[in-house]
Amino acid sequence: DRVYPYVYKDKSSARVQDGRTFAFPVTCSSAVIRVTGDDATVFIVFIFTGWRLLMIQKLIDAIGKTNAPVVVGLDPNLSFVPRFLQEKAREEAGSISDPSDPARDPNLVAAAEAVWEFNKGIVDAIYDIVPAVKPQIAMYEQFGLPGLAVYDRTVRYCREKGLIIIGDVKRG
């Protein structure tokens, strides 16, 4: 299999790097094409321009490099975080928390720190075998300001590890 970004021929077909032309099932502004032998699967991408197309190209390149067309979701749920990480975070939170300050609530600080350690372990295990992660911000928001700080730390750590970050920030 080879994955190609589109090259316009017109808005109903595309030419890939080896010169073959494939028809799109619908008229579109852009697409990604996966070629297997003489067959092609066209993934339609509507209205991607500028930096968005660059981002898609980065993702395509990363998929090619890792040979893994997957994204790892980072949707923290305390029930999935190992108990030992939660207990360790709870012990450490006592020294940095302040019950009178909502941003430093001991329960939220402990939960967020446990999530951070769990995320870090996941990222360390997968950064060289998958191209991208998708943190779900609402899952971090449930831990208040400490949760948002962990979202930021997680995104920064993933960037350091060379992962593409797809922010899941939908609402409603």
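Residues numbered from 1 in each chain as written. Predicted model: local features only at pLDDT ≥ 70, side-chain atom pairs only at ≥ 80, totals over all residues. Heavy atoms only, no water.

A.B. asks: Tell me about the pairing of strand 8 (residues 132-135), and name the residues and values.
C.D. replies: When strand 7 (residues 71-74) meets strand 8, the two strands line up parallel, connected through 4 bridges. Within the sheet, the bridge partner assigned to glycine 73 lies in strand 8 and is lysine 134. Across 2 bridges, strand 8 lies against strand 9 (residues 164-165) in parallel orientation. Across the sheet, residue valine 133 finds its bridge partner in strand 9, namely isoleucine 165. (Pairing = 2+ DSSP bridges. Helix = DSSP H or I, 4+ residues; strand = E, 2+ residues; numbered from the N terminus.)

A.B. asks: Outline the confidence of the model for the protein, supporting the account with residue identities and numerical values.
C.D. replies: Keep in mind that low pLDDT regions are not for reading the predicted coordinates in detail. Per-residue confidence for the protein gives a mean pLDDT of 77, with 65% of residues at or over 70. Contacts of residues 40-49 to residues separated by more than four positions or lying in other chains number 35 contacts, the stretch itself having pLDDT below 50. (pLDDT = per-residue confidence, 0-100. Contact = heavy atoms within 4.5 Å.)

A.B. asks: So what's going on with the nonpolar core? Residues and values would help.
C.D. replies: Core analysis: the largest hydrophobic core is formed by 24 residues, its most contacted members being Leu74, Val133, Cys158 and Leu163. Counting residues per element, the ones that place at least two in this core are strand 7, helix 2 (83-96), helix 3 (106-126), helix 4 (137-141) and helix 5 (144-160). Here this core takes 7 residues from helix 3, the largest share from any one element. In this structure, valine 133 is in contact with Val71, Val72, Leu74, Ile126, Cys158, Leu163, Ile164, Ile165 and Ile166, ignoring residues within four places of it in sequence. (Core = buried A, V, L, I, M, F, W, Y, C linked by side-chain atoms within 4.5 Å. Buried < 20%, exposed > 50% of the residue type's maximum accessible area, 1.4 Å probe, protein only.)

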